[in-house]
Amino acid sequence: MANTASARKRIRQNERRRERNMARVSRMRTFIKKIELAIQAGDKSAAAEAFKVAQPEMQRAAGKGVIAKNTVSRKLSRLSARVKALATA
């Protein structure tokens, strides 16, 4: 158990940050799921719109350090390719 006041404060800060980060990751996953569902349904316009909304949210999560920047770039690239593939299909 923490013995100093600064250690107790650090524990409180870490807990608040953990909850905030979990909320950000959960929010990002929800946006990704909306894109996935639109892709599965074959609705290009809905998928493109969902992608347009999800992209800044995912980049914001990367900017906050919740998820690695390269991970976000990779996910966006793959989702974008799948949305574009709907147009040709």
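Since the model is a prediction, treat every value here as computed from it, not as a measurement.

*Asks:* Can you walk me through the packing of aromatic side chains in this structure?
*Replies:* To describe a pair of aromatic rings, you give the distance between the ring centres and the angle between the ring planes. The final tally for this structure, using the stated rule, is 0 aromatic pairs. Sitting above the plane of the F31 ring, K34 keeps its charged end 5.4 Å from the centroid.

*Asks:* Just checking my understanding: could you explain the side chain of Q13 for this structure?
*Replies:* Mapped onto the secondary structure, Q13 falls in helix α1 (residues 5-41). Judged by its relative accessible area of 16%, Q13 is buried. In terms of polar contacts, Q13 uses its side chain to reach the side chain of R10, at 3.1 Å.

*Asks:* What is the right way to look at helix α3 (residues 69-88) in this model?
*Replies:* For an α-helix, 3.6 residues make a turn, and residues three or four places apart therefore share a direction. Over its 20 residues, α3 runs 29 Å from end to end, which matches the ideal 28 Å to within 8%, given 1.5 Å per residue. If you check which residues of α3 are buried, you get T71, V72, L76, L79, S80, V83 and L86. All buried residues of α3 lie within an arc of 160° about the axis, which places them on one face of the element. The exposed set on the far side of α3, more than 90 degrees from its buried face, consists of N70, R78, K84 and T88.

*Asks:* Help me understand a positive patch on the surface in this model?
*Replies:* A cluster of basic residues, R8, K9, R10, R12, R16, R17, R20 and K64, forms a positive patch at the surface. With relative accessibility at 39%, the residue R8 sits in the partly exposed group.

*Asks:* I'm lost on the pattern of salt bridges in this one. Help?
*Replies:* Where charged atoms from two side chains of opposite charge approach closely, those side chains can pair. Enumeration over the complete set of coordinates arrives at 4 salt bridges. Of the charged contacts in the structure, one is a salt bridge between E15 and R18, with a shortest N-O distance of 2.8 Å. Placement of both E15 and R18 in helix α1 is noted, with a separation of 3 residues, approximately one turn of the helix. On the basis of relative accessibility, which here comes to 41%, the residue R18 falls in the partly exposed class. Close ionic contact of R82 with E36 constitutes a salt bridge, the shortest N to O distance being 3.0 Å. One end of the pair, R82, is in helix α3; the other, E36, is in helix α1, with 46 residues separating them in the sequence. A residue is classified by how much of its surface remains accessible, and E36, at 24% relative accessible area, is partly exposed. Here the salt bridges share partners, and the residues they tie into one network are R27, E57 and R60.

Calculation notes
- Residues numbered from 1 in each chain as written.
- Predicted model: local features only at pLDDT ≥ 70, side-chain atom pairs only at ≥ 80, totals over all residues.
- Heavy atoms only, no water.
- Phe/Tyr/Trp six-rings, centres within 6.5 Å; stacked < 30°, edge-to-face > 60°.
- Lys NZ or Arg CZ within 6 Å of the ring centre and 35° of its normal.
- Helix = DSSP H or I, 4+ residues; strand = E, 2+ residues; numbered from the N terminus.
- Buried < 20%, exposed > 50% of the residue type's maximum accessible area, 1.4 Å probe, protein only.
- Polar contact = N/O pair within 3.5 Å; in protein donor to acceptor, adjacent residues only side chain to side chain.
- Expected span 1.5 Å × (residues − 1).
- Arc of directions from axis to C-beta.
- Patch = residues over 30% accessible without salt bridge, like charges linked within 9 Å, V, L, I, M, F, W, Y side chains within 5 Å.
- Areas by Shrake-Rupley, 256 points an atom, 1.4 Å probe, with all protein chains shown as cover.
- Salt bridge = Lys/Arg side-chain N within 4 Å of Asp/Glu carboxyl O.
- Lys, Arg positive; Asp, Glu negative; His and termini not counted.
- Charge placed at Lys NZ, Arg CZ, Asp CG, Glu CD.

Take it as geometry only, folks, not as evidence of what the structure does.
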